[in-house]
Amino acid sequence: MEQLTSKYENVFIVSPDLTEEAAKALLEKFTGIITANGGIIDNVSEWGKKKLAYLIDDYAEGYYYVVNFTSVATLPAELERVFNITDGILRSLIVKLD
């Protein structure tokens, strides 16, 4: 039986303490999780270093990344779990698109 897929948008903010190479390594880690679990990467946007609206863990800036992907409904929960246990991630948000 074929599983239904949906489109998702994932925004995450990486700590500015990390080097650019380390931030890109985190991006590759998360896109790798998506593809390893049967998801398809639709688009990846690097917004770069931006000022935060409020302090997060005493940081006023962070590196923003946006990943649009298509996957089954169980993948976003697994991805969110990995975001929560990964050092260097300030915030993340996964939204299902219409």
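See the structure above.
The text that follows walks through the structure, step by step, so that each part is easy to find. (Residues numbered from 1 in each chain as written. Predicted model: local features only at pLDDT ≥ 70, side-chain atom pairs only at ≥ 80, totals over all residues. Heavy atoms only, no water.)

### Concerning the pattern of salt bridges
For step 1, the next point in the chain: For the coordinates displayed, the defined rule picks out four salt bridges.
For step 2, the next point in the chain: A salt bridge links Asp42 to Lys7, with the nearest nitrogen and oxygen atoms 3.6 Å apart. Taken as a pair, Asp42 in strand E2 (residues 40-56) and Lys7 in strand E1 (residues 5-14) lie far apart in primary sequence, 35 residues in all. (Salt bridge = Lys/Arg side-chain N within 4 Å of Asp/Glu carboxyl O. Helix = DSSP H or I, 4+ residues; strand = E, 2+ residues; numbered from the N terminus.)

### Description of unusual backbone geometry
For step 1, the next point in the chain: We note that Asp57 has phi near 50 degrees; this positive angle belongs to a residue other than glycine.
For step 2, the next point in the chain: Turning to its location among the elements, Asp57 is positioned in the loop between E2 and strand E3 (59-72).
For step 3, the next point in the chain: Of note in the backbone geometry, Asp58 takes a positive phi value of approximately 65 degrees without being a glycine.
For step 4, the next point in the chain: Inspection of the secondary structure puts Asp58 in the loop between E2 and E3.

### Focus on the packing of aromatic side chains
For step 1, the next point in the chain: Scanning all chains against the criterion turns up six aromatic pairs.
For step 2, the next point in the chain: For the ring pair Phe12 and Phe83, a centre distance of 5.2 Å and an interplane angle of 45 degrees mean the geometry is tilted. Of this pair, Phe12 sits in strand E1 while Phe83 sits in helix H2 (residues 75-85), and the two are 71 residues apart along the sequence.
For step 3, the next point in the chain: Its relative accessible area of 0% is what places Phe12 among the buried residues.
For step 4, the next point in the chain: Grouped by ring-pair contacts, the aromatic residues Phe12, Phe30, Tyr65 and Phe83 constitute a single cluster. (Phe/Tyr/Trp six-rings, centres within 6.5 Å; stacked < 30°, edge-to-face > 60°. Buried < 20%, exposed > 50% of the residue type's maximum accessible area, 1.4 Å probe, protein only.)

### A short note on the sheet that holds E3
For step 1, the next point in the chain: On the basis of which strands lie adjacent, the open sheet formed by four strands has the order E2-E3-E1-E4 and antiparallel pairing. This sheet does not close on itself; its edge strands, each paired only once, are E2 and strand E4 (89-96). Strand-to-strand, the axes of this sheet are offset by a mean angle of 20 degrees, without reference to chain direction. (Pairing = 2+ DSSP bridges. Axes fitted to C-alpha atoms, helices over the stretch in contact; angles between N-to-C directions.)

### Some details on the pairing of E1
For step 1, the next point in the chain: Pairing between E1 and E3: ten bridges, direction antiparallel. When the sheet's bridge partners are listed, Phe12 is paired in E3 with Tyr65.
For step 2, the next point in the chain: Taken together, the seven bridges between E1 and E4 define a ladder with antiparallel strand orientation. Considered in E4, the bridge of Phe12 is made with Ser92.

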